[in-house]
There are 2 protein chains.
Amino acid sequence: MSAQTLTDPASAQSEIADKVTGRLGALAETRITLSIDAMGGDRGPAAVVAGISRSAAKNDKVDFIVHGNAAELEKLIQKKKNLKGRVEIRDAQGIVSMDEKPSQAMRRADTSMRSAIDAVKNGDAQAVVSCGNTGALMATSMIRLRKIEGVNRPAIACLWPSRNPQQFNVMLDVGADIRADARDLLQYALMGASYARNGMGLLRPRIGLLNVGTEDHKGRAELKEAQDLIAGAAELGEFDYRGFVEGGDIPGDTVDVIVTDGFTGNIALKTGEGTAKLIGDFLKEAFKATPLSRVAALLALTSLSRLQKRIDPRRVNGGVFLGLRGTVVKSHGSADATGVSAAIKLAYELAASGFSDRLAARVASVAAAAQTEQ
Amino acid sequence: MSAQTLTDPASAQSEIADKVTGRLGALAETRITLSIDAMGGDRGPAAVVAGISRSAAKNDKVDFIVHGNAAELEKLIQKKKNLKGRVEIRDAQGIVSMDEKPSQAMRRADTSMRSAIDAVKNGDAQAVVSCGNTGALMATSMIRLRKIEGVNRPAIACLWPSRNPQQFNVMLDVGADIRADARDLLQYALMGASYARNGMGLLRPRIGLLNVGTEDHKGRAELKEAQDLIAGAAELGEFDYRGFVEGGDIPGDTVDVIVTDGFTGNIALKTGEGTAKLIGDFLKEAFKATPLSRVAALLALTSLSRLQKRIDPRRVNGGVFLGLRGTVVKSHGSADATGVSAAIKLAYELAASGFSDRLAARVASVAAAAQTEQ
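Residues numbered from 1 in each chain as written. Chains lettered and ligands numbered in written order. Predicted model: local features only at pLDDT ≥ 70, side-chain atom pairs only at ≥ 80, totals over all residues. Heavy atoms only, no water.

As recorded in an unreviewed UniProt entry, chain A goes by the name Phosphate acyltransferase, listed as coming from Pacificibacter maritimus. Under the heading Catalytic activity (unreviewed entry), UniProt records this for chain A: "a fatty acyl-[ACP] + phosphate = an acyl phosphate + holo-[ACP]". Entered under Sequence similarities (unreviewed entry) in the UniProt record, the comment concerning chain A runs "Belongs to the PlsX family." (UniProt positions renumbered as here; feature names shortened; annotations may be inferred.)

Put into structure tokens, the structure is as follows:
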């Protein structure tokens with residue numbers, strides 16, 4: 001089995017976008033302009049422009065505003081014949097590095113990231129895609145786009161391979177904010193349910209609250225408080241609240257949406273990714289161990305590459321920012337052309353379906369009901 | 001590939017005990033009495049007694065005090081010829097159930113768990129093994145055995161398959177206490193280093209503090225404080241402090257010991273186990289998918305079962321309680337005879353090597369140094 005077969009994150013990421021946005025696709029007939037931060041990723045603007053070109057070839061209803069070093073982008077874009085007339089370049093010389101402090105990055109007015117977000121803020125584009133520094137992207141999105149009514153802390157939602165029919169669970173927050181009180185966790189539940197409903201076609205998503213045990217007496221005080229708030233909002237939020245879940249339920253079929261604070265969610269996400277990566281490496285070693293196992297690898301090639309796609313941690317590395325006045329999709333920092341194209345597809349479908357507005361309406365209705373009750 | 005081949009937790013658990021205690025074995029020439037809670041596990045006392053019998057056959061330097069329903073135990077033990085003269089039965093009619101609240105369970109004086117712990121407290125035995133309710137076992141151990149000098153919160157340490165030469169990393173706390181302040185995290189670092197040194201033969205274990213990023217500005221306030229405390233104790237504690245680590249480093253080779261609070265550690269542990277289980281199941285499906293892949297599975301049998309052993313989540317399910325005046329080994333609730341026997345072996349080696357005293361001395365010396373500095 002070649003290394004190529006075992007690691008094809010790009011096609012996997014494309015497949016995931018199909019999965020998630022398939023249900024939204026039917027709604028998406030509008031012409032959409034996407035704002036792309038071309039400078040953030042590990043592979044530089046060439047990979048991003050290649051991804052844009054790929055998306056443009058597949059979808060004739062999408063146009064682009066691309067942000068970064070104009071001279072460099074000009075050259076890259078001119079080489080792609082199919083981008084002619086579909087891309088506007090906006091010059092932004094500043095680049096946010098991967099290890100830059102978010103609080104610092106969000107203050108810089110000259111960055112491609114800020115410029116990309118501002119195009120959505122100004123209404124020139126309907127969603128933004130960036131491969132850049134996650135913390136900086138969230139911080140800048142928050143001050144430029146602002147939060148929707150009723151949301152205190154926006155969250156990053158990721159998809160997790162699971163035993164559920166839809167093949168993925170949603171987990172949030174996976175790193176927007178290291179803190180979350182009971183009200184924040186309620187908002188995550190509402191936003192996660194909305195994402196699962198619109199993105200996965202689940203009419204009544206099942207929600208679980210991540211804890212160290214499933215019994216009611218387990219865990220921190222804010223979790224018990226959140227438990228009551230979430231259970232109370234289930235009817236209006238049109239979801240089923242299934243109570244506390246444990247780490248083992250994240251890839252399970254007990255619930256569709258796992259709600260947690262950004263500290264715990266981030267560590268769970270990276271632990272799961274790291275474990276999957278470790279096993280993937282062990283699997284490769286196992287198939288190289290003996291001549292017989294090498295023959296076996298050849299015979300099982302198709303099954304194994306399908307397995308590899310299902311468990312590739314890079315499939316779930318992208319995240320959607322929830323709770324902002326605008327759609328922000330964070331593509332993986334190391335995404336190649338196909339990966340970027342998959343993130344673009346996701347952003348297109350979410351923008352075209354008006355997901356951001358529908359999520360805002362849901363959160364507002366639950367907040368209004370809570371007001372009335374008080 | 002048969003289900004049998006794919007899941008042999010018992011032999012894996014035995015192998016892990018060999019690995020961990022191999023270094024201690026040389027020191028262990030003393031006669032040791034172990035106290036065994038026979039009633040806790042999912043499989044009942046028969047599996048526990050079978051495990052005792054297996055251990056007794058392998059090691060003629062170990063005797064047992066077994067706690068539980070005397071009539072039932074008497075019958076089971078009489079059937080095992082090799083246990084003649086090596087087992088004392090102590091009648092305890094109460095059984096702690098798996099979902100009993102720890103605060104409730106620890107108040108009951110009639111349980112096999114309490115009786116088993118008391119045998120260590122009274123000096124009749126040198127270590128205790130239980131397959132029972134983890135929270136109850138910790139709570140009861142704390143009030144009966146008490147904490148060692150300088151330790152505020154005891155911790156549960158687990159082993160995690162990794163890329164390190166020793167094949168495992170130590171992580172703690174994985175669920176003794178959902179809270180941990182900076183001083184607790186320092187104690188976890190000292191205890192984890194001591195366990196890695198004595199259990200894995202690492203002269204200078206590398207310690208990492210689990211966080212959502214490796215940069216110094218990341219994470220909660222108590223983590224930054226803990227960072228300074230742990231770095232300051234590295235020389236006296238004879239470990240290398242490597243700073244913040246992320247979830248992906250838990251199965252990695254960056255550090256040998258991962259320090260975190262019991263809430264985060266428990267969720268990381270269960271997420272990793274759940275992910276490994278999911279991938280294991282997918283792997284089985286992949287090999288059943290086509291006739292060719294079934295042939296492939298046969299050809300790769302040896303390599304695959306070796307892989308399965310390396311990733312079986314049940315290998316790392318056992319935990320050692322650190323920070324108590326006495327050695328407590330928590331075997332997996334569903335452990336069979338071989339699993340119980342592996343836990344017994346670990347308890348024997350830890351007891352025979354005087355690990356608990358050495359850990360206490362290390363923590364005391366660092367605490368004394370901190371006092372002097374103030």
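This part is about the sheet that holds strand β10 (residues 319–322) of chain A. Residue and element names in this part refer to chain A. Spatially, eleven strands are ordered β3-β2-β1-β4-β11-β10-β5-β6-β9-β7-β8 in an open sheet, and the strand pairing comes out mixed. Strand pairing shows two members of the sheet lacking a second neighbour, β3 (87–91) and β8 (240–245), which therefore form its edges. Sheet twist, expressed as the average angle between the axes of neighbouring strands with direction ignored, equals 25°. The sheet contact formed by strand β2 (residues 62–68) and β3 spans five bridges and is parallel. Bridge pairing in β3 places isoleucine 65 opposite glutamate 88. (Pairing = 2+ DSSP bridges. Helix = DSSP H or I, 4+ residues; strand = E, 2+ residues; numbered from the N terminus. Axes fitted to C-alpha atoms, helices over the stretch in contact; angles between N-to-C directions.)

Residue and element names in this part refer to chain B. On the surface, Arg54, Lys58, Lys75, Lys79 and Lys80 cluster together to form a positively charged patch. Its location among the elements puts arginine 54 in helix α3 (residues 44–58). With relative accessibility at 36%, the residue arginine 54 sits in the partly exposed group. (Patch = residues over 30% accessible without salt bridge, like charges linked within 9 Å, V, L, I, M, F, W, Y side chains within 5 Å. Areas by Shrake-Rupley, 256 points an atom, 1.4 Å probe, with all protein chains shown as cover. Salt bridge = Lys/Arg side-chain N within 4 Å of Asp/Glu carboxyl O. Lys, Arg positive; Asp, Glu negative; His and termini not counted. Charge placed at Lys NZ, Arg CZ, Asp CG, Glu CD. Buried < 20%, exposed > 50% of the residue type's maximum accessible area, 1.4 Å probe, protein only.)

Our next topic: the pattern of salt bridges. Residue and element names in this part refer to chain B. Here the structure, examined in full by the defined rule, presents 38 salt bridges over all chains. Two residues, arginine 242 and aspartate 240, come together in a salt bridge whose shortest N-O distance is 3.8 Å. According to the relative accessible area criterion, aspartate 240 is partly exposed, its value standing at 26%. Between lysine 277 and aspartate 281 there is a salt bridge; the shortest N-O distance is 3.3 Å.

Mapping chain A onto chain B is achieved by rotating through 180° and translating by 0.0 Å along the same axis, at an RMSD of 0.0 Å. In short, the pair behaves as if placed about a two-fold rotation axis. Within chain A, the C-alpha atom positioned nearest to the axis of rotation is that of Ala296(A), 2.0 Å from it. The overlap is high: 100% of the interface residues of chain A also sit at the interface in chain B, so the same surface is used on both sides. (Least-squares fit on C-alpha atoms with pLDDT ≥ 70 in both. Contact = heavy atoms within 4.5 Å.)

Once that is clear, we can look at the interface of chain A and chain B. Opposite the 57 residues of chain A that make contact, chain B presents 57 residues. Of the roughly 4800 Å² buried where chain A meets chain B, counting both sides, 72% is carbon and sulfur surface. Remark: the boundary between chain A and chain B carries six salt bridges. With a closest N to O distance of 2.4 Å, Arg163(A) and Asp281(B) form a salt bridge. Applying the counting criterion to the chain A and chain B interface returns eight residue pairs in polar contact (both at pLDDT 80 or more). Elements supplying a minimum of two residues to the side of chain A that touches chain B: β5 (155–161), α10 (262–288), α11 (291–299) and α12 (301–311) of chain A. The element contributing the most residues to the side of chain A that touches chain B is α10(A), with 21 residues. (Buried area = accessible area lost by both parts, 1.4 Å probe. Polar contact = N/O pair within 3.5 Å; in protein donor to acceptor, adjacent residues only side chain to side chain.)

This part is about α3(B). Residues and elements named next belong to chain B. The end-to-end C-alpha distance of α3, which contains 15 residues, comes to 22 Å, matching closely the 21 Å that a straight helix rising 1.5 Å per residue would cover. The buried fraction of α3 amounts to eleven of the 15 residues, a majority that puts the element mostly inside the structure. Those residues of α3 not exposed but buried are Gly44, Pro45, Ala47, Val48, Val49, Ala50, Gly51, Ile52, Ser53, Ser55 and Ala56. Lining the buried residues of α3 we find β1 (32–37), β2 (62–68), α4 (70–78), β3 (87–91) and α13 (337–352). (Expected span 1.5 Å × (residues − 1).)

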